[in-house]
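Examination of the molecular architecture
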Amino acid sequence: MKKQVVLYKKLSPLLMARLHEQAEVTLIENLDAEGLGKLRDALPRAQGLLGASLKLNAELLDLAPNLQAIASVSVGVDNYDIDYLTQRHILLSNTPDVLTETTADTGFALILATARRVVELANMIREGKWTRNIGPTHFGSDVHGKTLGIIGMGRIGEALAQRGHFGFGMPVIYHSQSPKPAVEQRFNAHYRSLPELLQQADFVCLTLPLTAETEGLIGAEQFALMRPETIFINISRGKVVDETALIEALRAGQIRAAGLDVFEREPLNQDSPLLQLNNVVATPHIGSATHETREAMARCAVDNLLAALAGERPVNLVNVGAWRG
Ligand SMILES: NC(=O)C1=CN([C@@H]2O[C@H](COP(=O)(O)OP(=O)(O)OC[C@H]3O[C@@H](n4cnc5c(N)ncnc54)[C@H](OP(=O)(O)O)[C@@H]3O)[C@@H](O)[C@H]2O)C=CC1
Ligand SMILES: O=CC(=O)O
C-alpha cells in the first residue's frame, strides 16, 4: 500500500510526479490559517511530512500518531524538537551541501552591498537625488584586503572563506566550536576566541546554526567589542542576535553597517527600526533562494523522505538516535 505523505511546500511538477508514483500525497499550498487547519486535519493519517518554515512542535506532532519521517527542505533544523522526534523514532532529515555555495553567494552579496552602500545609493538615483558628482559623504569602504571574520566555520562558513580568500585577498579569521586545521591550511585562516574575532574583523559574519547555545550569542556586550568600521553580516538565524542591541549599535555608530538575511521574527515587521536605517541592507531570508538551488533542495528532501518511508536510512538523517535499522 502507498504511504501517506503530507506536503506543506509545493514542489516542481517533476518532483510531484515522482512522489505521486510512490505515495498518496496531500498538498497544503499555504501555511495561512486555512492551510494550518488543513494540515491539522491531514496529520492523523500522515506517515511522512515534507516542507519548511513551520515550527513543528509536539502539540502539532501529537496529532500524527503514524508519523515515521519528516524531510525538511532546509539545512537548519531549529524548527524541530529533535529530542521529541528521536523519542518517537521519527526520522528527521535536512538538505545540507546543495545550498552551501548559493548561501555563501548571498553572504558575499551582503558584504559588497553594505560596504559599497549599493542599495542606499541606488535608491538615491531612483529618488532623483543624483544631481551632481558624488563626494566623500557617499563613499563606501573597500572589501578586498579587509579582514573577514567568520563565526561558525562549517560548510557555509568555509564557502564564504573561499570567496574572501581567493576572490578578494581577505585575511580570514574564524571562531567555531573546534579548530579546523584543513581550513586554516587552505585559506591561511586563523582561529580566534569570540571576543578576539569581534575586535579584529572588519566583517563579522554569522554562519552558525540556531541552538540553545547560540541563541542570543551576539548582544550588547559583543557589539561593544566591535569597531566603528565593523560591518556585521547575518545569514544564519535571526535569534542568534539580540536585535534590539543590534539596532542600538547601529544607531550609536558602534558599528558601520549591517547586512541581514534573517531576523528574530520573519517576515520582518514593516515597522522595524532596521528598515529606517540607511546603513542596513535587509533581504527576506533569500540565502538559498535561486531556482536551481531550491529545486536541488526539494529533490534532496524527496530522496530523504522516500528512503525513510521505504525503511532505508536517509542520506541526510539528522537524529541518528531515531534510527532502528
Ligand atoms: N540565510 C539562509 O537562507 C540560510 C541560513 N542557513 C543557516 O546556516 C547554518 C549553517 O549551515 P551549514 O554551514 O550548512 O552548517 P554546518 O553544520 O556545516 O556549520 C555550522 C558551524 O557552526 C559551528 N557552531 C555550532 N555551534 C557553535 C557555537 N556555539 N559557537 C561557535 N560555532 C558553532 C559549528 O562548529 P563545529 O564544526 O566546530 O562544531 C559548524 O562548523 C544553518 O544551520 C542555518 O541556520 C543555512 C542555509 C541558508
Ligand atoms: O535557512 C535556510 C536553511 O536551509 O536552513
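Residues numbered from 1 in each chain as written. Chains lettered and ligands numbered in written order. Predicted model: local features only at pLDDT ≥ 70, side-chain atom pairs only at ≥ 80, totals over all residues. Heavy atoms only, no water.

1. Focus on unusual backbone geometry
- In this structure, the amide linkage connecting E266 to the following residue, P267, adopts the cis form with an omega of -5°.
- Relative to the helices and strands, P267 is located in the loop between strand 11 (257-260) and strand 12 (280-282).
- At R117, a position not held by glycine, the phi torsion is positive, near 55°.
- Structurally, R117 is set in the loop between helix 5 (100-115) and helix 6 (118-126). (Helix = DSSP H or I, 4+ residues; strand = E, 2+ residues; numbered from the N terminus.)

2. Some remarks on the pairing of strand 6 (residues 148-151)
- Neither face of strand 6 is left uncovered, since the one carrying L148 and I150 and the one carrying G149 and I151 both have all their residues buried.
- Examined bridge by bridge, strand 6 and strand 7 (residues 172-175) share 4 bridges and lie parallel to one another. Directly across from L148, in strand 7, lies its bridge partner V172.
- With helix 7 (residues 155-168) bridging strand 6 and the parallel strand 7, this β-α-β connection has right-handed handedness.
- As judged from the 4 bridges shared by strand 6 and strand 9 (residues 203-206), these two strands associate in the parallel manner. (Buried < 20%, exposed > 50% of the residue type's maximum accessible area, 1.4 Å probe, protein only. Pairing = 2+ DSSP bridges. Right-handed = clockwise from strand over helix to strand, strands pointing away.)

3. Some words on a nonpolar patch on the surface
- Taken together, the side chains of I125, W130, I134 and F139 make up a nonpolar region of the molecular surface, amounting to roughly 430 Å² of accessible area.
- Classification of W130 by relative accessible area gives exposed; the value is 52%. (Patch = residues over 30% accessible without salt bridge, like charges linked within 9 Å, V, L, I, M, F, W, Y side chains within 5 Å. Areas by Shrake-Rupley, 256 points an atom, 1.4 Å probe, with all protein chains shown as cover. Salt bridge = Lys/Arg side-chain N within 4 Å of Asp/Glu carboxyl O.)

4. Looking at the sheet that holds strand 9
- If you walk across this open sheet you meet the 7 strands as 8-7-6-9-10-11-12, and the pairing is parallel. Of all the strands in the sheet, the pair left with one neighbour each is strand 8 (190-191) and strand 12.
- Pairing of strand 7 with strand 8, which is carried by 2 bridges, proceeds in the parallel orientation. In the strand pairing of strand 8, Y174 is matched with Y191.

5. Considering the UniProt feature "domain: D-isomer specific 2-hydroxyacid dehydrogenase catalytic" (unreviewed entry) in the protein
- Per the UniProt record, "domain: D-isomer specific 2-hydroxyacid dehydrogenase catalytic" (unreviewed entry) is annotated on residues 5-319.
- Counted over residues 5-319, helix gives 37% and strand 14%. Its end C-alpha atoms are 20 Å apart. (UniProt positions renumbered as here; feature names shortened; annotations may be inferred.)

6. Regarding the pattern of salt bridges
- Scanning all chains against the criterion turns up 11 salt bridges.
- The partner of E34 in a salt bridge is K38, with the nearest N and O atoms 3.7 Å apart. In this pair, E34 and K38 are both assigned in helix 2 (residues 33-42), 4 residues apart and thus about one turn of the helix distant.
- The class for K38 is partly exposed, based on a relative accessible area of 46%.
- In this structure, R163 and E101 form a salt bridge, with 2.7 Å as the shortest nitrogen-oxygen distance.

7. Observations regarding the packing of helix 5 against helix 7
- Axis separation between helix 5 and helix 7 bottoms out at 8 Å; the angle between their running directions is 55°. As judged from the angle between their axes, helix 5 and helix 7 are oblique. Every pair of crossing elements has a handedness; the one defined by helix 5 and helix 7 is right-handed. When helix 5 is examined against helix 7, the residues T100, E101, T103, A104, D105, G107, F108 and L112 are found in contact with a partner set consisting of R155, I156, A159, L160, R163, G164 and F168.
- Split into classes, the residues belonging to the contact of helix 5 with helix 7 amount to 7 nonpolar, 4 polar and 4 charged. (Axes fitted to C-alpha atoms, helices over the stretch in contact; angles between N-to-C directions. Parallel < 35°, antiparallel > 145°, perpendicular 65-115°, else oblique. Left-handed = near helix turned anticlockwise from the far one by under 90°. Contact = heavy atoms within 4.5 Å. Nonpolar A, V, L, I, M, F, W, Y, C, P; charged D, E, K, R; others polar.)

8. Thoughts on the site of ligand 1
- Close to ligand 1 lie 26 residues; R155, I156, Q177, K180 and D261 are nearest.
- One nitrogen or oxygen atom from the side chain of S176 is found 3.3 Å from an oxygen atom belonging to ligand 1.
- Isolated, ligand 1 exposes 940 Å² of accessible area, and the fraction of that covered by the protein chains is 85%.
- Along the lines of polarity and charge, the residues of the shell around ligand 1 split into 8 nonpolar, 14 polar and 4 charged. (Near = heavy atom within 4 Å. Polar contact = N/O pair within 3.5 Å; in protein donor to acceptor, adjacent residues only side chain to side chain.)

9. Considering the nonpolar core
- Of all hydrophobic cores here, the largest spans 52 residues; its most connected members are L7, L11, L50, I111, L148, I150 and F203.
- Counting contributing residues per domain, this core is built from domain 1 (3-96 + 291-322) and domain 2 (100-282), each supplying no fewer than three.
- Not counting chain neighbours up to four residues away, the residues in contact with L50 comprise V6, L7, Y8, K9, L11, A71, V73, A301, V302 and L305.
- Formed by 28 residues, the second largest nonpolar core is a distinct cluster that contains L198, A201, L206 and I247. (Core = buried A, V, L, I, M, F, W, Y, C linked by side-chain atoms within 4.5 Å. Domains from an automatic or database assignment.)

10. A word on helix 5
- Compared with the 22 Å implied by 1.5 Å per residue over 16 residues, the 23 Å span of helix 5 between its first and last C-alpha is a close match.
- Most of helix 5 sits inside the fold, with 12 of its 16 residues counted as buried.
- Those residues of helix 5 that sit buried are T100, T102, T103, A104, T106, G107, F108, L110, I111, A113, T114 and A115.
- In the segment just after helix 5, R117 is the residue with positive phi, at about 55°. (Expected span 1.5 Å × (residues − 1).)

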